[in-house]
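# Report on the structure
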Number of protein chains: 2
Amino acid sequence: MTGGLGFIGSNLVHRLVSEGAIVKVIDALVPSHGGDRRNVDGEHVETLIASIGDPRVAELIAGADIIFNLAGQVSHASSMIDPQQDLRLNALDHADLLEIVRRVNPAVRIVHTSTRQVYGRVARLPVDETTAANPVDVNGVAKLAGEQLHMVYAQAYDTRATSLRLSNVYGPRQRLTSDELGFLPVFIRKALAGETIEIFGDGAQRRDCLHVDDVVAGLLLATADAAVGRVYNVGHRCDFSLAEIAAVIVAAAGSGGGLRLVPWPKEHQRIDIGSFKTDSGLIGRELGWTSAIDLADGIAQTVDFYKEHPWYLSSI
Amino acid sequence: MTGGLGFIGSNLVHRLVSEGAIVKVIDALVPSHGGDRRNVDGEHVETLIASIGDPRVAELIAGADIIFNLAGQVSHASSMIDPQQDLRLNALDHADLLEIVRRVNPAVRIVHTSTRQVYGRVARLPVDETTAANPVDVNGVAKLAGEQLHMVYAQAYDTRATSLRLSNVYGPRQRLTSDELGFLPVFIRKALAGETIEIFGDGAQRRDCLHVDDVVAGLLLATADAAVGRVYNVGHRCDFSLAEIAAVIVAAAGSGGGLRLVPWPKEHQRIDIGSFKTDSGLIGRELGWTSAIDLADGIAQTVDFYKEHPWYLSSI
């Protein structure tokens, strides 16, 4: 697994280990990204700290049955500050990984995580996979390129790859202390600290937020043969406004800080996409996946986790 | 102009110089690409041989009114052999160029050339700009990323960028001696040499081929303010089968070699996209562009050019 020390990766590690799988992790631990060794504390997993294009990766790949390829840069803000780094981490390094796969283990299954960010601002909701991608930041451009490289290899070399375009994901083991990794970890951190959650604009923009356990279930289903060469949307059945989502988080955390609407900062407004709702019908029909964890339940479980693991609120 | 020593670039240089523009060219002259100093023989243009991300590019950018950003890797085969190079030349170097623009000349107009290759294999013809891109080779992935980077900068920083997705282009000053730059230069070279043109499969796949003068006209119209932040398809009104196109070329060249159908080589068939037809209605409605040069006329003029400039048939 690449990116196995990160948010989604580490949740997948815990699940796989609990089911008896032998898991080997590659993670570059890029500073200020989501990777942290403590995310897999207590699990016995072999870990290589390296870029996914590193030649040493070949040894781990050679013996794998399935590669969960979750490594990447997920900060939209960082992608605008350093486009080269984002393109390297989300696209070029994946080209190297795919070449390694082709060379040492061409029959391995690969499940890659992409993002609904590739769609950017769209004309019609909900958004299915036939919608033209129109990313509004470098991160969306680079993630799309990384995803498409997997599909090119599937087409040209029979590489057995699948990519999942994930909606906004929350849950245990997310890096909470950065303001650059999406609104959910920020909202959760502020509510747990009793601070006021600030929402840009009128808070009416809608999102279909997904608990990480739903994502893990999707990643496991995506190892099916029927998913080879396919790109799937993975989002929640139900969408809510940012104000509603914040209210759910505030209530679960018992936060006295509440929430407040504030005017848009100019640089954020420019890359805002308005409301978004994923149409995940394709993965439902083809693989039987659907979101199972409702927002209020998922947030309550998440808040409990962070209360039991308070280091997430202060780690840098 | 970037890529100004290449096929389309050099034709644009001749047109711009003839209209009295001061033209400065940046070209990396990447070996086996289309760039050749002889393409601009006789024109007085300042030329910098450098990558478009080279720091020396800033000086040329600083004084420009319009940047025609035509630099790129155009070989699909090379993109599969060296994905890193293709991603660098078509995407990462453009991120560097856009950063230079933002720093030294944020108000400059940029017209970028993308390709219909970004669409890959599509479900429905003709293909308009709302069709989801589904590239079948690394070249398509990287060109799409380069194009989208221009649009991200337009959105986030008001960079005044436009991108044109060009169909298959033919005409004077194209590199004929490579087999990797599309079927048109190969067909033209073989017909002029009296060799038999070999067409894979049944020759029924259709293409809307565009004379380079039509492309040059499109590039000039795309400098209009109305085109800022827009991506346009640019293809011919009329499409023909590969067998018909070859027949037109054979007739114009007076080739005794004729043409012949041959079975698909496996590695080519995998990335074949079947028929393609561009819907260029958007650029027609918004900028008034439409293809003006019919295939038979364009091919006749092209064949005459190469008969007068035989070095194109033997240069490496």
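Structural notes, computed from the coordinates. Predicted, not measured: the structure shown is a model, and the values here were computed from it.

### A look at the relation of the copies chain B and chain A
Overlaying chain B on chain A yields an RMSD of 0.0 Å, the required transformation being a rotation through 180° with an accompanying axial translation of 0.0 Å. Such values leave the two copies arranged in the relation of a two-fold axis. Using C-alpha coordinates, one finds that chain B approaches the rotation axis most closely at Ala132(B), a distance of 1.9 Å. Interface overlap between copies: 100% of the residues of chain B at the interface are likewise at the interface in chain A, consistent with a symmetric, same-surface contact.

### So, the side chain of Ser79(B)
Residues and elements named next belong to chain B. Tracing the backbone through its elements, the reader meets Ser79 in helix 3 (residues 76-81). Of note is the side chain of Ser79, whose polar atom sits 3.0 Å from the backbone nitrogen of Asn139. Among residues more than four places away in sequence, those in contact with Ser79 are Gln73, Asp86, Asp137, Val138 and Asn139.

### Side note on the interface of chain B and chain A
Listed by partner, the interface residues are 31 residues for chain B and 31 residues for chain A. Together, the buried faces of chain B and chain A total about 2700 Å²; carbon and sulfur atoms form 59% of this surface. Taken together, the links from chain B to chain A amount to 6 residue pairs in polar contact (both at pLDDT 80 or more). Secondary-structure elements contributing two or more residues to the side of chain B that touches chain A are helix 4 (83-104) and helix 5 (138-157) of chain B. Counting residues per element, the side of chain B that touches chain A draws most heavily on helix 5 of chain B, at 11 residues. Of the residues assigned to the side of chain B that touches chain A, the class counts are 19 nonpolar, 5 polar and 7 charged.

### Overview of the pattern of salt bridges
Residues and elements named next belong to chain B. Taken as a whole and judged by the stated rule, the model has 27 salt bridges over all chains. Among the salt bridges present, the one from Arg230 reaches Glu286, with a minimum N-O distance of 2.3 Å. Of this pair, Arg230 sits in the loop between helix 7 (212-221) and strand 10 (231-234) while Glu286 sits in helix 10 (residues 281-287), placing them 56 residues apart in sequence.

### What to know about the packing of helix 4 (residues 83-104) of chain A against helix 5 (residues 138-157) of chain A
Residues and elements named next belong to chain A. Put simply, helix 4 and helix 5 touch, their axes get as near as 8 Å, and they point 15° apart. When the axis of helix 4 is compared with that of helix 5, the two are roughly parallel. Between helix 4 and helix 5 the crossing geometry is right-handed. Where helix 4 abuts helix 5, its residues Pro83, Asp86, Leu87, Asn90, Ala91, His94, Ala95, Leu98, Glu99 and Arg102 lie against Val138, Asn139, Ala142, Lys143, Ala145, Gly146, Leu149, His150, Tyr153 and Tyr157. Among the residues making up the contact of helix 4 with helix 5, the classes are represented as 11 nonpolar, 5 polar and 4 charged.

### Points about the pairing of strand 5 (residues 160-166) of chain A
All names here are of chain A. Within strand 5, 6 of the 7 residues are buried, leaving the element largely enclosed by the surrounding structure. For strand 4 (residues 109-115) and strand 5, the ladder comprises 7 bridges, and the chain directions are parallel. Within the sheet, the bridge partner assigned to Ser114 lies in strand 5 and is Arg165. As for the winding sense of the linkage, the β-α-β connection from strand 4 through helix 5 to strand 5 is right-handed. The pairing of strand 5 with strand 10 (residues 231-234) spans 4 bridges and is parallel. Its bridge partner being in strand 10, Leu166 is matched across the sheet by Val234.

### Points about the sheet that holds strand 3 (residues 66-69) of chain A
All names here are of chain A. Read from one edge of the open sheet, 4 strands run 3-4-5-10, paired in parallel fashion. The sheet is open, and its two edges are formed by strand 3 and strand 10, each paired on a single side. With strand direction ignored, the average angle separating the axes of adjacent strands in the sheet is 20°.

### Regarding the environment of Ala251(A)
Summarising the element assignment, Ala251(A) is placed in helix 8 (residues 242-253). Spatially, the C-alpha atom of Ala251(A) lies 9.6 Å from that of Ile299(A), the residues being 48 residues apart in sequence.

### Quick notes on the environment of Asp179(B)
Residue and element names in this part refer to chain B. Mapped onto the elements, Asp179 comes out in the loop between strand 6 (169-170) and helix 6 (183-192). The class for Asp179 is partly exposed, based on a relative accessible area of 48%. Counting along the chain gives 25 residues from Asp179 to Ala154, while the straight-line C-alpha distance between them is 36 Å. Setting aside residues no more than four positions away along its own chain, Asp179 makes contact with Val186 and Arg189. In terms of polar contacts, Asp179 uses its side chain to reach the side chain of Arg189, at 2.8 Å.

### Thoughts on helix 6 (residues 183-192) of chain A
Residues and elements named next belong to chain A. Of all 10 residues in helix 6, 10 are buried, a share of seventy percent or more. Along helix 6, the residues classified as buried are Phe183, Leu184, Pro185, Val186, Phe187, Ile188, Arg189, Lys190, Ala191 and Leu192. Residues of helix 6 that are buried make contact with strand 6 (169-170), strand 7 (197-200), strand 8 (206-207), helix 8 and helix 11 (295-308). Immediately beyond the C-terminal end of helix 6, within one or two residues, lies Gly194, with a positive phi of roughly 70°.

What counts, and at which threshold
- Residues numbered from 1 in each chain as written.
- Chains lettered and ligands numbered in written order.
- Predicted model: local features only at pLDDT ≥ 70, side-chain atom pairs only at ≥ 80, totals over all residues.
- Heavy atoms only, no water.
- Least-squares fit on C-alpha atoms with pLDDT ≥ 70 in both.
- Contact = heavy atoms within 4.5 Å.
- Helix = DSSP H or I, 4+ residues; strand = E, 2+ residues; numbered from the N terminus.
- Polar contact = N/O pair within 3.5 Å; in protein donor to acceptor, adjacent residues only side chain to side chain.
- Buried area = accessible area lost by both parts, 1.4 Å probe.
- Nonpolar A, V, L, I, M, F, W, Y, C, P; charged D, E, K, R; others polar.
- Salt bridge = Lys/Arg side-chain N within 4 Å of Asp/Glu carboxyl O.
- Axes fitted to C-alpha atoms, helices over the stretch in contact; angles between N-to-C directions.
- Parallel < 35°, antiparallel > 145°, perpendicular 65-115°, else oblique.
- Left-handed = near helix turned anticlockwise from the far one by under 90°.
- Buried < 20%, exposed > 50% of the residue type's maximum accessible area, 1.4 Å probe, protein only.
- Pairing = 2+ DSSP bridges.
- Right-handed = clockwise from strand over helix to strand, strands pointing away.

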